[in-house]
Amino acid sequence: MAMGVVWASRTLCRACRAQRVLQQRPRGLCEQAAPAPPWTILGIESSFDDTAVAVVRGTPAAHSSFGAPGSEVLSSVAFDQRALHKNTGGTVPRTAGQLHRLHLPRVTQEALQLANVSMKDIDVIAFTQGPGLGPCLQAGLEFAKELGESYRVPLMPVHHMEGHLLSGRIEHPAVCFPYLSLLASGGHCLLLLAAGIGQYHRLGHGLDDAPGEAYDKLARLMGLERGGPDLATLAEQGCPTRFSFKTPMHETRSCDFSFSGLKTAVIRMYEQERLHVTEKNLSQLHADLAAGFQKAVCQHLSTRTARALEYCKLHGDVRDVVFAGGVASNLAIRNAVSQRARQYGAATVCPSPALCVDNAIMIAWVAVEHLAHAQATGAPPSLCGPTSALRYIPRWPLGQDDRCRVTKTNIKVPLSNTAQQ
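This is a predicted model, so every value here is computed, not measured.

Calculation criteria
- Residues numbered from 1 in each chain as written.
- Predicted model: local features only at pLDDT ≥ 70, side-chain atom pairs only at ≥ 80, totals over all residues.
- Heavy atoms only, no water.
- Helix = DSSP H or I, 4+ residues; strand = E, 2+ residues; numbered from the N terminus.
- Buried < 20%, exposed > 50% of the residue type's maximum accessible area, 1.4 Å probe, protein only.
- Contact = heavy atoms within 4.5 Å.
- Areas by Shrake-Rupley, 256 points an atom, 1.4 Å probe, with all protein chains shown as cover.
- Arc of directions from axis to C-beta.
- Pairing = 2+ DSSP bridges.
- Axes fitted to C-alpha atoms, helices over the stretch in contact; angles between N-to-C directions.
- Core = buried A, V, L, I, M, F, W, Y, C linked by side-chain atoms within 4.5 Å.
- Parallel < 35°, antiparallel > 145°, perpendicular 65-115°, else oblique.
- Nonpolar A, V, L, I, M, F, W, Y, C, P; charged D, E, K, R; others polar.
- Phe/Tyr/Trp six-rings, centres within 6.5 Å; stacked < 30°, edge-to-face > 60°.
- Right-handed = clockwise from strand over helix to strand, strands pointing away.

Enquirer: Please explain the overall build of the protein chain as it appears in this structure.
Expert: When its secondary structure is counted, the protein chain shows 14 helices and 11 strands. Per-residue burial over the protein chain gives 57% buried out of 421 residues. Taking the intrachain contacts of the protein chain between residues at least 6 apart in sequence as the baseline, contacts between residues at least 24 apart amount to 78%. Of the roughly 17,500 Å² that the protein chain leaves accessible, carbon and sulfur atoms contribute 50%.

Enquirer: How should helix α7 (residues 211-221) be read in this particular structure?
Expert: For an α-helix the count is 3.6 residues per turn, leaving residues at separations of three or four pointing the same way. Taken together, the buried positions of α7 are occupied by P211, G212, A214, Y215, L218 and A219. Along the axis of α7, the buried residues cluster in a sector spanning 160°; they form a single face. On its buried side, α7 packs onto β6 (179-184), β7 (189-196), α8 (228-235), α9 (260-274), α10 (282-313) and α11 (331-343). Remark: G223 follows α7 within two positions and exhibits a positive phi of approximately 75°.

Enquirer: Quick question: what am I supposed to make of the sheet that holds strand β2 (residues 50-59) here?
Expert: Sheet strands pair by backbone hydrogen bonding; their relative direction is either parallel or antiparallel. In space, the 5 strands of this open sheet follow the order β3-β2-β1-β4-β5, with mixed pairing throughout. In this open sheet, the two strands that pair with only one neighbour each are β3 (70-80) and β5 (155-159). The mean inter-strand angle of the sheet, taken between neighbouring strand axes irrespective of direction, is 20°. Where strand β1 (residues 39-45) and β2 come together, 7 bridges link them in antiparallel fashion. Bridge assignment links G43 to a residue of β2, and that residue is A54. Packed on one face of the sheet, helix α3 (residues 93-115) meets β1, β2 and β3 and runs near 35° to β2. Packed onto the sheet, helix α13 (residues 360-377) meets β1, β2, β3, β4 (124-130) and β5 and runs at close to 140° relative to β1.

Enquirer: Hey, could you run me through the sheet that holds strand β8 (residues 199-205) in this one?
Expert: Across the sheet, which stays open at both edges, the 6 strands sit in the order β10-β9-β6-β7-β8-β11 with mixed pairing between neighbours. Each edge of the open sheet carries a strand with a single partner, namely β10 (347-349) and β11 (400-401). In this fold α10 packs onto β6, β7, β8 and β9 (320-324), with an angle of close to 155° to the strand it touches most, β6.

Enquirer: Looking at this structure, how should I read the nonpolar core?
Expert: For soluble globular proteins, nonpolar side chains are generally found buried alongside one another. Ranked by internal contacts, the top residues of the largest apolar core, which has 56 residues, are L180, L203, F293, L301, F323 and I333. Sorting the residues of this core by element identifies β6, β7, α7, α8, α9, α10, β9 and α11 as the ones contributing at least two each. Ranked by residue count, the leading element in this core is α10, at 15 residues. Discounting residues that sit within four places of it in the chain, L301 has contacts with L182, C189, F257, F259, V327, I333 and V337.

Enquirer: Is there a simple way to think about the packing of α7 against α8 in this case?
Expert: The relative placement of two packed helices comes down to the angle between their axes together with the axis-to-axis distance. Where α7 meets α8, the closest approach of the two axes is 8 Å, and the angle between their N-to-C directions is 75°. In terms of orientation, α7 lies roughly perpendicular with respect to α8. Taken together, the residues of α8 that come into contact with α7 (itself represented by Y215, D216, L218 and A219) are G228, L231 and A232. Within the contact of α7 with α8, the residues separate by chemical class into 5 nonpolar, 1 polar and 1 charged.

Enquirer: Whenever I open this one, the packing of aromatic side chains confuses me. Can you help?
Expert: Counted according to the given criterion, the structure contains 2 aromatic pairs. Ring centres 5.4 Å apart and planes at 15° place the aromatic pair F177 and Y179 in the stacked group. Both residues of the pair, F177 and Y179, belong to the buried class. Considering the side-chain rings of Y215 and F293, the 4.9 Å spacing of their centres and the 65° angle between planes classify their relative orientation as edge-to-face. You can see Y215 sitting in helix α7 and its partner F293 sitting in helix α10, a full 78 residues away along the chain. Here Y215 matches F293 in class, with each residue buried.

Enquirer: What exactly am I supposed to notice about the side chain of T108 here?
Expert: On the secondary structure map, T108 appears in helix α3. Judged by its relative accessible area of 3%, T108 is buried. Leave out the neighbours within four places in its chain, and T108 touches L42, V53, F143 and L147.

Enquirer: Hey, could you run me through the pairing of β9 in this one?
Expert: Remember that side chains alternate between the two faces of the sheet whenever the strand is regular. Most of β9 is tucked away: 5 of the 5 residues are buried. Along β9, one buried face is formed by D320, V322 and A324 and the opposite face, lined by V321 and F323, is buried too. Alignment of β6 against β9, held across 4 bridges, turns out to be parallel. Looking at β9, one finds that L182 is bridged to F323. As judged from the 3 bridges shared by β9 and β10, these two strands associate in the parallel manner. In the sheet register, D320 faces β10, and the bridge partner there is A347. Considered for its hand, the β-α-β crossover made up of β9, α11 and β10 is right-handed.

Here it is as structure tokens:
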């Protein structure tokens, strides 16, 4: 799809918009009639190590199909598995899947009780179909199908990253299409142009380690218990100029990301400096390394975002940047991205911390968005019966791949002059 055509989607007839959405629907669907609004959605998220369930009530957009629908979060419950994986040095997929199976019934019952509803009140069960860890996705899918079959409730398979992509519109309904989204977490790093529901264009993605993954690995190296968040806190206490790390892929005029080389450079510097540092000064070494690392991450993410904004402006107007995912909770990175976006006349919107991490609210919200879009445009809803031949999808790219177009545009973007504060 040519980029110039994307901007014209607001003026397309309903049939054309419906066809575009139909072409990008989740896999394994069969037609189900859409329930009448308001919709009460049960969201299930189990892609990694959080067992999460939420109940969200949604209504159609008040003014147009491009405005955000109305919503009310009735409940949100999560069980964090991380403490149980602590002794294994990371999340073990099979163990995580077993824990999801063990805790999903209890978490679901608690979410329904907090929302003061029963399964008879649920119109749609939305669940994460992918991407993620196979055993975790399988546990969520099988549980959703059992619930749907028992209570005769239709299912909506959801792309996990679409949940993050659309999450900015939950608390900020004024965010309208088209907008740019930077999604950065422990498992992903993406720059996406959201032109409408189901109309997503991938401008850049991670080539190796995700930023959150690099934070966690360096945190373990320094003996920090909470991983990335502790490293970000430590970086605030360090000097960002003591160690100068090269901004990844600065000479490559794309919007792709790479954090593996930066992580390795920090590890090598740590091993080199550790030989000459006393235990008394070790904490300062950790802080300064963390600060230098975070400065390079800020430069990398903000520069890539700037190039994506330049590219978008060649084809239409983008007024908002939605920065979501767990890394969006990092204040230093958030400020760096916001400053660069302002230089291009765009406002940066970040979901609240509870919506930045993996959660079931965003999964239910995707269902609200698709149901509202279907009602406004006449597009078939992305629903299926509980007996459908659905499969989980561990690896599942989101949107149309437009990365080559970005690279061919050859947009030069200077590094930001602002260092970490």
